[in-house]
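Inside the fold
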Amino acid sequence: MSDSPDKVIILGGKGMLGTEVAAECKRRGMNFEVFDLPEFDITNTHQLLSVIHPAHTIVNCAAYTNVEKAETETELAFRVNAEAVGLLATSAKKSGAWVLHISTDFVFDGASGKPYAEKDIPHPINAYGRTKLAGERLLVENHCHNCIMRVEWTYGMKGDNFIKKILQKARTQKDMKVVDDQIGSPTATTEAAKAICDLIHKKPTGIYHFASQGYVSRFDVAQFIAEKLALDVRLTACKTSDFPSAAARPLNSKFDCSKIRPLLSGPIKPWQVPLEEFLKQL
Ligand SMILES: NC(=O)c1ccc[n+]([C@@H]2O[C@H](COP(=O)([O-])OP(=O)(O)OC[C@H]3O[C@@H](n4cnc5c(N)ncnc54)[C@H](OP(=O)(O)O)[C@@H]3O)[C@@H](O)[C@H]2O)c1
């Protein structure tokens, strides 16, 4: 239970992004507390209410994030990504708390030729995206003081992500195929966490897109990594349709980040800068 109302409550605070949010809060000397599985289950009404009741600031990084499994475990994904967010919103409205909820580019179908702005109409093409969009809608419909920050192509030290997968494969395979028709912005969780802490100070309302600066294909990211680490691997470009998967993937994950920019304490870095830093740390 959180005992101080000025404390930042980080739900899902042991996940890939939540860990970095907690680290950034610590760096900035902010008062915070982390809640996550197995001790804390956001779908457990009693646990959720007792954690958020006295809080004024709640950052929700908790989510069911397995995109492939969400196609079959849709009910569980919906409970975590949507129902629980609705309950979070209802109780935040009662207590007057501000909720910063993390969402995803997967709310879009990726069919647009342009970078997605906050005003663009979502149209998810897989179960994970539909549950995340349902969560966004429940949050907004419940009229609590809320902000949604959508992130994309995130990577960090903790958990599974595209960057780590490329590195793992490159260690065991001489030849690697990587898709060149998915375009986005690889975004370090350390950078997303800084943006989250900036938003915590300003407590805005509404949807904001955050991603690193610049757009690139997954193939080009793999090539960047291979070059920087001098990996002994031959990369071949292929298409998303060459990899059969349960969940459809949006091809265009480009974000227009102009709305969030004035709220940030520093410029958004080009994707290459934090990625190079990350590779050095690995
Ligand atoms: N990764 C990406 O590329 C990406 C892209 C766009 C948006 N996002 C969004 O970013 C946010 C953070 O995700 P992430 O990348 O940090 O993924 P993550 O590492 O899977 O973090 C999610 C955290 O939520 C926890 N969680 C799952 N079910 C829960 C429950 N019932 N109660 C409490 N906690 C629960 C997970 O615990 P377990 O690990 O024990 O399951 C994990 O610690 C999510 O909203 C996600 O949708 C991620």
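Here's a quick rundown of the structure.

Thresholds, definitions, all that
Residues numbered from 1 in each chain as written. Predicted model: local features only at pLDDT ≥ 70, side-chain atom pairs only at ≥ 80, totals over all residues. Heavy atoms only, no water. Helix = DSSP H or I, 4+ residues; strand = E, 2+ residues; numbered from the N terminus. Rg over C-alpha atoms; globule rule 2.2 N^0.38 Å. Buried < 20%, exposed > 50% of the residue type's maximum accessible area, 1.4 Å probe, protein only. Salt bridge = Lys/Arg side-chain N within 4 Å of Asp/Glu carboxyl O. Phe/Tyr/Trp six-rings, centres within 6.5 Å; stacked < 30°, edge-to-face > 60°. Lys NZ or Arg CZ within 6 Å of the ring centre and 35° of its normal. Near = heavy atom within 4 Å. Polar contact = N/O pair within 3.5 Å; in protein donor to acceptor, adjacent residues only side chain to side chain. Areas by Shrake-Rupley, 256 points an atom, 1.4 Å probe, with all protein chains shown as cover. Nonpolar A, V, L, I, M, F, W, Y, C, P; charged D, E, K, R; others polar. Arc of directions from axis to C-beta. Contact = heavy atoms within 4.5 Å.

Before going further, it helps to examine the overall build of the protein chain. Across its full length, the protein chain holds eight helices and twelve strands. A compact globule built from 282 residues would reach a C-alpha radius of gyration of about 19 Å, and the protein chain, at 18 Å, matches this within 12%. Across its three principal axes, the protein chain shows a C-alpha extent of roughly 55 × 40 × 35 Å. Residue burial in the protein chain is summarised as follows: out of 282 residues, 51% are buried.

Okay, the pattern of salt bridges next. Scanning the entire structure with this criterion turns up 13 salt bridges. Here Lys7 and Glu33 are joined by a salt bridge, their closest N and O atoms 2.9 Å apart. Taken together, the residues Lys7 in the segment before strand E1 (8–11) and Glu33 in strand E2 (residues 32–35) connect sequence positions 26 residues apart. Since its relative accessible area comes to 9%, Lys7 is described here as buried. Of the residues examined, Glu33 reaches a relative accessible area of 22% and is grouped as partly exposed.

The final tally for this structure, using the stated rule, is six aromatic pairs. Centroid distance Phe108 to Tyr116: 4.2 Å. Interplanar angle 15°. Geometry classified as stacked. Overall, the relative accessible area of 1% leaves Phe108 in the buried class. Judged by relative accessible area, which is 5%, Tyr116 ranks as buried. Ring plane angle 65° and centroid distance 5.0 Å describe the contact between Phe224 and Trp271, whose orientation is recorded as edge-to-face. One end of the pair, Phe224, is in helix H7 (residues 218–228); the other, Trp271, is in the loop between strand E12 (234–238) and helix H8 (272–281), and 47 residues separate them in sequence. The ring centre of Phe162 lies 4.7 Å from the NZ or CZ of Arg218, which sits over that ring. It is Lys259 that lies over the ring of Tyr208; its NZ or CZ is 4.4 Å from the centre.

The next thing to look at is the site of the ligand. Every one of the 23 residues lining the ligand counts as a neighbour, but Asp36, Thr65, Tyr128, Lys132 and Thr154 are closest to it. Contact between the ligand and Thr65: an oxygen atom at 2.7 Å from a side-chain N or O atom of the residue. Contacts to the ligand include Tyr128, whose side-chain N or O atom sits 2.6 Å from an oxygen atom. If the ligand stood free it would expose 890 Å²; the protein chains cover 79% of that surface. Elements represented by at least two residues in the shell around the ligand include exactly helix H1 (16–27), strand E4 (98–104) and helix H4 (127–141). At three residues, E4 tops the list of elements feeding residues into the shell around the ligand. Residues belonging to the shell around the ligand are distributed by class as follows: twelve nonpolar, six polar and five charged.

Attention shifts here to helix H5 (residues 162–172). Among the residues of H5, those classed as buried are Ile163, Lys164, Ile166, Leu167 and Ala170. For H5, the angular spread of the buried residues around the axis is 160°, confining them to a single face. In this structure, the buried residues of H5 make contact with strand E6 (154–155), strand E7 (175–179), H7 and H8.

Since the α-helix advances by 3.6 residues per turn, residues separated by three or four positions end up pointing in the same direction. For H7, the full list of buried residues reads Arg218, Phe219, Val221, Ala222, Phe224, Ile225 and Ala226. Contact partners of the buried residues in H7: H5, E7, strand E11 (216–217), E12 and H8. Taken from the residues just after H7, Ala230 is the one with a positive phi, measuring 50°.

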